[in-house]
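Chain by chain, the residues:
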Amino acid sequence: MSADQHLQALTKVVVNNLENQHDWTQVQIHIQDNLPRPLIYGLPPKRLYVHPDEQIDIIKAEKQLNQRVPQEPELEWVLPLHLAEKWSISDFAAVFDAITAIPPGGEFVNANEDAQWQLWRGPKRGKRILLATVQDDSTVTYYWMHNGLVKPRQN
């Protein structure tokens, strides 16, 4: 199997897993010249990640508004990998350098500039990728990877 065929098969396994096992919609394969391999992006059925500082802003807003702040899902990047692949920090850095924080079609619309919690969906959103690690039996395991340091969550 050639390297291109391997990447196509790997990407297909992850797309299938996202759509059929995890109910993602709007799943697209993203190819661009400065990426080492195709990426995937799509919309999960619920919000997958809340930055710890955003969580604080949401709690403040909910207290001020006296109602829950909606947590709509947002488009996410996915990087398909095989468990046997060896990736270096520079390989991951090349991917982060090539992408924008928000995948295509997920442009930020700020309804209220005073709402700090909304800025985490646009200008404050850091680059992140959901690593989709495929094993030989086609099991897919997902891990978050961020571009830079992110402080731990407060439970």
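In what follows, the accompanying structure is described. From a predicted model like this one, the values you see are computed outputs, not experimental measurements. (Residues numbered from 1 in each chain as written. Predicted model: local features only at pLDDT ≥ 70, side-chain atom pairs only at ≥ 80, totals over all residues. Heavy atoms only, no water.)

From N to C terminus, the protein includes 3 helices and 5 strands. Secondary structure elements in the protein, listed N-terminal to C-terminal, are α-β-β-α-β-α-β-β. Within the protein, contacts between residues at least 6 apart in sequence are counted, and of these 66% link residues at least 24 apart. As presented, the protein carries roughly 9,600 Å² of accessible surface, and 51% of it is formed by carbon and sulfur atoms. (Helix = DSSP H or I, 4+ residues; strand = E, 2+ residues; numbered from the N terminus. Contact = heavy atoms within 4.5 Å. Areas by Shrake-Rupley, 256 points an atom, 1.4 Å probe, with all protein chains shown as cover.)

Strand order in the open sheet made by the 5 strands is β1-β2-β3-β4-β5, with mixed pairing throughout. In the strand order of this sheet, the two ends are held by β1 (25–30) and β5 (140–146), each with one partner. Strand-to-strand, the axes of this sheet are offset by a mean angle of 30°, without reference to chain direction. Pairing geometry for strand β2 (residues 39–43) and strand β3 (residues 76–82), over 3 bridges, is antiparallel. Within the sheet, the bridge partner assigned to Gly 42 lies in β3 and is Glu 76. Across the face of the sheet, helix α1 (residues 3–20) comes into contact with β1, β2, β3, β4 (128–134) and β5 while running at roughly 130° to β3. Packed onto the sheet, helix α3 (residues 89–98) meets β2, β3, β4 and β5 and runs at close to 130° relative to β4. (Pairing = 2+ DSSP bridges. Axes fitted to C-alpha atoms, helices over the stretch in contact; angles between N-to-C directions.)

This next bit is on the nonpolar core. Judged by nonpolar contacts, the single largest core of 13 residues is most densely connected at Leu 35, Leu 39, Trp 77, Leu 79, Ile 99, Ile 129 and Leu 131. Elements that contribute at least two residues to this core include exactly β2, β3, α3 and β4. Setting aside chain neighbours within four positions, we find Ile 129 in contact with Trp 77, Val 78, Leu 79, Val 95, Phe 96, Ile 99, Tyr 143, Trp 144 and Met 145. Listed in part, the 12 residues of the second largest apolar core include Leu 10, Ile 40, Leu 130 and Ala 132. (Core = buried A, V, L, I, M, F, W, Y, C linked by side-chain atoms within 4.5 Å. Buried < 20%, exposed > 50% of the residue type's maximum accessible area, 1.4 Å probe, protein only.)

Summed over all chains, the structure comprises 4 salt bridges. For Arg 128, the salt bridge goes to Glu 74, with nearest N and O atoms at 2.9 Å. Of the two residues, Arg 128 is situated in strand β4 and Glu 74 in the loop between α2 (52–65) and β3; the sequence distance between them amounts to 54 residues. According to the relative accessible area criterion, Arg 128 is buried, its value standing at 5%. Among the residues examined, Glu 74 registers a relative accessible area of 8% and is labelled buried. The closest approach of N and O atoms between Glu 76 and Arg 128, which form a salt bridge, is 2.8 Å. (Salt bridge = Lys/Arg side-chain N within 4 Å of Asp/Glu carboxyl O.)

As a further point, take the pairing of β5. Pairing geometry for β4 and β5, over 7 bridges, is antiparallel. Each residue of the ladder has a partner; that of Arg 128, found in β5, is His 146. Following β4, the chain reverses through 5 residues before pairing antiparallel with β5; Ser 138 in that reversal takes a positive phi of roughly 75°.

Here we come to α3. Residues spaced three or four apart along an α-helix face the same direction, because each turn holds 3.6 residues. For α3, the full list of buried residues reads Phe 92, Val 95, Phe 96 and Ala 98. Projected down its long axis, α3 carries its buried residues within an arc of 170°, all on one side. Structural note: α3 exposes Ile 89, Ser 90 and Asp 97 on the side pointing more than 90 degrees away from its buried face. Residues of α3 that are buried make contact with β2, β3, β4 and β5. (Arc of directions from axis to C-beta.)

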